[in-house]
Amino acid sequence: MQAPAQERKYGETASELRELVARCQHGDYDAFAQLFAGHKDRIYSIALRFSGDPTAALDIAQDTFLKLLGQIQNFRGDARFETWLYRVVVNACLDHRRARRRWLPLIEDLVDRVRTGLGLENVAEQTQLRQHVRGAIAHLPADQRIAVVLRYTEGLSYEEIAEVTGVASGTVASRLNRAHHALEGRLQDYKGGSR
Amino acid sequence: MTPAEPIPSLLGDSLRPVAAPAELWDRVWQPRMQTEKPGLLQGFAFGLPVAAAAALICMVALTDPQHSPSGFQAAAPVAKRNSSEIVSQLERRETILTVSSGVKSAERAPGGNKIDAGCALCHTL
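None of the values given here were measured: they were computed from a predicted structure.

S.K.: Which parts of the structure should I look at to understand the overall build of chain B?
M.R.: Helices and strands together make up the secondary structure of chain B, namely six helices and two strands. Ordered by position from N to C terminus, the α and β elements of chain B give α-α-α-α-α-β-β-α. Across the 125 residues of chain B, 33% fall into the buried class. When contacts within chain B are restricted to residue pairs at least 6 apart in sequence, those whose partners lie at least 24 apart make up 55%. When the accessible area of chain B is evaluated, it comes to approximately 7,500 Å², of which 59% is carbon and sulfur surface.

In structure tokens, the structure reads:
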């Protein structure tokens, strides 16, 4: 049985995307609306996974699209549009973090709940594990967190992450490796507590 | 997914992309719509060249109190050439806007006197 055909969005091919960007650069708001529709989910996802907070993610996504609209004249096509857009959202994430500098102590809260056994019976374990993982990610340094989000939310390769963040591929590998170790350490409590 | 799974697997499952809320569109678009409203600066940006053009036309036209063609023709050659260019620019606009503590609009009647239209603009300033 054939899967139902998914609605195809204009701007999915490289040539369509180039045309959309060119139209945006000439002030065509319809083109911007199409560009928005094609990228809003990934921008919001990166923002949400980085910040761990839907309200902050909305702020970051909004900033990203406003910057995109304001700076699209500067896009010269030297890099892929997606790479350029990832840079904008990564910078928006870092700007937001600098502006807020306060993070919810998710992991402590969850560890306490695991230790005392509160909430475990009422909340699906998988959901809680995901929350726990996301809480642990919130405690990573920003550079590691960005690498983790781009890798696991967007599925970017080490080379692509390196291009977006402006570091060498080896640095990306090192950041991801350190992030894995840090997360493993933080998740030990949960693993021990849930058994 | 279990706690015993390796970290990359846990991360892949926990960090899946999600759909952006519909609210995002409003939040991106509303600030744009607010800045798109014609403001005083935009009025001046358009109105100042028009006002300058109107002043130049009046300068030429006032050489004849009746704004007659003879007065226009008697104007200095350079001013006449400038005013001709301005008149031809005005012909391309169906609506002429000018600024005076805000923005006033003056529509030139079809077939009307171009010099009068220019003077009307000038006198509203």
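S.K.: Explain the nonpolar core to me, please; I cannot follow it from the model alone.
M.R.: Burial of nonpolar side chains together is a common tendency in soluble globular proteins. A:Leu68, A:Phe81, A:Val148, A:Leu150 and B:Leu11 are the most contacted members of the largest nonpolar core, which totals 61 residues. By residue number, the principal contributor to this core is helix α2 (residues 29–51) of chain A, which donates 10 residues. For B:Leu11, the residues in contact, after removing those within four places along its chain, are A:Val133, A:Ile137, A:Val148, A:Tyr152, A:His180 and A:Leu183.

S.K.: Help me understand the interface of chain A and chain B, please; the structure alone is not making it clear to me.
M.R.: Size of an interface: often given as the accessible area lost when the parts come together. Opposite the 34 residues of chain A that make contact, chain B presents 28 residues. Both sides of the chain A and chain B interface together cover about 3,000 Å² of buried area, and 70% of this is carbon and sulfur. It is A:Tyr29, A:Leu58 and A:Tyr152 that lose the most area in chain A upon contact with chain B, and together they represent 20% of the buried surface on that side. Across the contact surface, chain A and chain B share two salt bridges. Where chain A packs against chain B, one counts eight residue pairs in polar contact (both at pLDDT 80 or more). Considering each element in turn, the side of chain A that touches chain B owes the most residues, 10 residues, to α2(A).

S.K.: What's the story with helix α1 (residues 14–25) of chain A in this structure? I'm lost.
M.R.: For an α-helix, the turn length of 3.6 residues means that residues three or four places apart are oriented alike. Residue and element names in this part refer to chain A. For α1, built from 12 residues, the straight-helix expectation of 16 Å at 1.5 Å per residue is met to within 8% by its first-to-last C-alpha distance of 16 Å. Among all positions in α1, only Glu16, Leu17, Leu20, Val21 and Cys24 are buried. Take α1 and look down its axis: the buried residues cluster within an arc of 135°, on one side only. For α1, the elements touching its buried residues are α2 and α4 (81–100). A positive backbone phi angle near 80° is found at Gly27, which sits one or two residues after α1.

Parameters at a glance
Residue positions are given per chain, counted from 1 along the sequence in the order it is written. Key to labels: chains lettered from A, ligands numbered from 1, both in the order written. For this predicted model, a pLDDT threshold of at least 70 governs which residues receive local features, and a threshold of 80 or more governs which side-chain atom pairs are given and counted, while totals over whole chains, interfaces and linings are taken from all residues. To obtain the side-chain values, all non-hydrogen atoms of the structure were used and water was disregarded. Only DSSP runs of H or I reaching four residues or more are called helices, and only runs of E reaching two or more are called strands; each is numbered from the N terminus. The buried label goes to any residue with under 20% of its type's maximum accessible area, the exposed label to any with over 50%, and the partly exposed label to all in between, with areas taken from a 1.4 Å probe on protein chains only. In what follows, residue pairs with any heavy atoms lying within 4.5 Å of each other are defined as contacts. Surface accessibility in these figures is a Shrake-Rupley result with a 1.4 Å probe; residues are shielded only by whichever protein chains are displayed. In this text, buried Ala, Val, Leu, Ile, Met, Phe, Trp, Tyr and Cys residues form a nonpolar core when linked through side-chain atoms within 4.5 Å. As used here, buried area is the combined drop in accessible area, with a 1.4 Å probe, of two parts when they are placed together. The salt bridge criterion pairs a side-chain nitrogen of Lys or Arg with a carboxyl oxygen of Asp or Glu, the two atoms within 4 Å. Identification of polar contacts relies on pairs of N or O atoms within 3.5 Å, with a donor-acceptor requirement for protein atoms, meaning one able to donate a hydrogen and the other able to accept it, and with residues adjacent in sequence counted only if both atoms are side-chain atoms. To estimate the expected span of a helix, count its residues, drop one, and scale the result by 1.5 Å. Here, the arc refers to the directions that run from the helix axis to the C-beta atoms.

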